[in-house]
Amino acid sequence: MNDAPKSQRDRPWVMRTYSGHSTAKASNELYRNNLEKGQTGLSIAFDLPTQTGYDPDHPLAVGEVGKVGVPVYHLGQMSILLDEIPVEQMNTSMTINATAAWLLGLYIANAEDCGIAPGTLRGTTQNDIVKEYLSRGTYIFPPEASKRLIVDMIAYCSQHVPLWNPINICSYHLQEAGATPVQEIAYSLANAIDILDAVRDSGQVPEDEFPRVVASISFFVNSGIRFVEEVCKMRAFTQMWDEICEHRYGVSDPKLRRFRYGVQVNSLGLTEAQPENNVQRIVLEALGVTLSKRARARSLQLPAWNEALGLPRPWDQQWSLRIQQVLALETDLLEYDDIFDGSHVVENRTAELVREAQLELDEVIELGGAFAAIDELKQRLVASHTDRIRQIESTELTIVGVNAFEETTESPLGGEGSFLKVDPQVEAEMIEDVTQWRSSRSEEAVTAALQRLSDAASGDENIMPYTIAAARAGVTTGEWTQVLREVFGEYRGPTGVQISSGNSVGLKEVAERCKKLSGGPPRLLVAKPGLDGHSNGAEQIAVAARNAGMEVVYEGIRTTPEHVAATARDEDVDVIGLSILSGGHLYLVPSVLAALKGQGVTSPVIVGGIIPEDDKDTLLNAGVSRVYTPKDYEITRIMNDLVDLVESRRTI
């Protein structure tokens, strides 16, 4: 008989599913169901109007309400969202950036209304604006103003909400935008250094409390399919952060120097083609951030197998949660010390990543830091992503079911109802809700709260107390943001598409076709109508078209249908390419088509994005010439399609 004591198991990480849709009430039901199924933390996804600071009745919000997350436009909706959820026991992650101060203000005000002291609240606001400039696109204010808001939040939380992580430095979206592991590490650490330097220099935090501010900084990381390299990346991150905390900021307590990070595994690698393959991808990517004890994630959220198709259903999210539970509770993963200690392969690759990332980090610091170097970093990311697209198209990088083993048996998981669709009536409901909210409050109190907020923003007072007071007075998301827009102004981020890259053989052949066209090279307008900030695809089309000899007009994200039409008219373009990944295509595309008709523009329109099969025919019948989805990875074919469209029109 073996009487040896059983191994002591580590505590599992916080298990989350990133979710929210339609309305606060629908999302609350989803959250409570997920918690009943064993989820141990909340991860709230907000809709694009909330993320970019618009109320549902703003013209830019049309078609976007409740699509990619939950709409939260005032304190009443925050109360509904968290109804019957014990926030004093909960660890809540809110994926919110430009309007992070506002959503945290609503969260705190709601907790206090429920008799919960802010000092007991645990959770994270993402609040990373640099990665918004570089990859995600939900920024509003210029860099220095945005940095000031982040500093105010960190300083306020250090005094009043000490268990809260006021910023989650995000390498996740950098990888989605094409970052190599070296770039992920370097740009994220440069961002954290910029923020901590600004907090230290602000004078809002006493010197003896600064180490705890350093400890409150958390990270949000992407885990890709190369899971051995991901293990090494996380060990490199952990090592470099420890050194930065100790040597740059003088943090002597090793516990305060821990690299605390959460993970959403890679969504870039999820495929529309053969989406059932996404399940094994998700499992392997989860291993990359859980296998190494010294660099294990503190929280983990896994996407659903069908997120490349549309919004996951509750069952799909349950499947992803069960993956985590099996890994943590059925396997022996949590029973051992770090299984990679002493591995020559892992230690050598980790050391290599540390050396290369340090060189890249030093370069960024020499450029003035992450905030000052946004234009340069954007160009580098677009270049890296261009190289990745080239590797996929050439099959140098294999993606099963996309550019290899494309033959497939029809999946029983597909068909009607294989993902969730948001009811179009949600937008009208939210407009009615916010209208009633405004009519029920004291306008005098709202006006006074907004004036105090404006005064604080114009001066150097911490903005958080005035934000919480505005939430209590009944101010809406759009009103809070508009005051700050008037004080700080708005920002147009760099596109990074001015880079040039070595053309593939296919693009060189397209360039030869363009040279021979009667009437000169095609003029292509690439546009992103609506609030969707996912610009990676649009940028790659713009870069490829330029490298293929076309003249390209691309002004970046967040344009109105009217602006797209006016630009198409003024630039006399041959083809208009629309990129929409937010689910708003059935409203935005017809709106652009109508605006083009109003301007007398007859150029063909092509559309790319996450577009369900049923919606393709709707768009084609509305007058769109081509529809492309993520499975259409062959850039050269798309470029040839563009030339075909131009040739056919010019020969009429």
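Just so we're clear, the structure is a prediction, and the values are computed from it rather than from any experiment. (Residues numbered from 1 in each chain as written. Predicted model: local features only at pLDDT ≥ 70, side-chain atom pairs only at ≥ 80, totals over all residues. Heavy atoms only, no water.)

Some thoughts on the sheet that holds strand E6 (residues 164-165)
The strand order E2-E3-E4-E5-E6 describes an open sheet built from 5 strands, whose pairing is parallel. Two strands in the sheet have a free side with no partner beyond their single neighbour: strand E2 (18-19) and E6. Bridge count between strand E3 (residues 42-45) and strand E4 (residues 91-95): 4 bridges; the pairing is parallel. Residue pairing for E4: Ala-45 is matched across the bridge by Thr-95. Across the sheet, helix H1 (residues 24-36) lies against E2 and E3, angled at about 155° from E3, the strand it touches most. (Pairing = 2+ DSSP bridges. Helix = DSSP H or I, 4+ residues; strand = E, 2+ residues; numbered from the N terminus. Contact = heavy atoms within 4.5 Å. Axes fitted to C-alpha atoms, helices over the stretch in contact; angles between N-to-C directions.)

What about the pattern of salt bridges?
Within the structure shown, the criterion is met by 48 salt bridges. The residue Arg-200 makes a salt bridge to Asp-201 at a minimum N-O spacing of 3.2 Å. Note that Glu-571 and Arg-523 form a salt bridge whose closest N and O atoms lie 2.8 Å from each other. Of the two residues, Glu-571 sits in helix H21 (residues 561-571) while Arg-523 sits in strand E11 (residues 523-527), which places them 48 residues apart along the sequence. Look at Glu-571 and you get partly exposed, because its relative accessible area is 31%. Taken together, the salt bridges that share partners define one network made up of Asp-10, Lys-293, Arg-296 and Asp-337. (Salt bridge = Lys/Arg side-chain N within 4 Å of Asp/Glu carboxyl O. Buried < 20%, exposed > 50% of the residue type's maximum accessible area, 1.4 Å probe, protein only.)

Brief notes about helix H11 (residues 278-287)
Where burial is concerned, most of H11 is hidden: 7 out of the 10 residues are buried. On its buried side, H11 packs onto strand E8 (218-223), helix H10 (227-248), strand E9 (261-265), strand E10 (299-301) and helix H12 (314-330).

As for the environment of Thr-559
Looking at the secondary structure, you find Thr-559 in the loop between strand E12 (551-554) and H21. Judged by relative accessible area, Thr-559 falls into the buried class, the value being 6%. Separated by 507 residues in sequence, Thr-559 and Thr-52 place their C-alpha atoms 13 Å apart. When sequence neighbours within four positions are dropped, the list of residues in contact with Thr-559 reads Arg-492, Lys-528, Pro-529, Gly-530 and Val-564. Looking at Thr-559, its side chain comes within polar contact range of the main-chain oxygen of Lys-528, at 3.1 Å. (Polar contact = N/O pair within 3.5 Å; in protein donor to acceptor, adjacent residues only side chain to side chain.)

Observations regarding the packing of helix H22 (residues 585-598) against helix H23 (residues 613-622)
The N-to-C vectors of H22 and H23 enclose an angle of 10°; their axes lie 10 Å apart at closest approach. When the axes of H22 and H23 are compared, the pair comes out roughly parallel. The residues of H23 that touch H22, namely those facing His-585, Leu-586, Val-589 and Leu-593, are Asp-615, Thr-618, Leu-619 and Ala-622. Within the contact of H22 with H23, the residues separate by chemical class into 5 nonpolar, 2 polar and 1 charged. (Parallel < 35°, antiparallel > 145°, perpendicular 65-115°, else oblique. Nonpolar A, V, L, I, M, F, W, Y, C, P; charged D, E, K, R; others polar.)

Details of helix H5 (residues 129-136)
Summarising burial for H5: 8 of the 8 residues are buried, a large majority. Along H5, the residues classified as buried are Ile-129, Val-130, Lys-131, Glu-132, Tyr-133, Leu-134, Ser-135 and Arg-136. The N-cap residue of H5 is Asp-128: its side-chain oxygen and the backbone nitrogen of Val-130 are 3.2 Å apart. Note on H5: the residue one or two positions beyond its end, Gly-137, has a positive phi of about 90°.

Read these as geometric descriptors, not functional statements.
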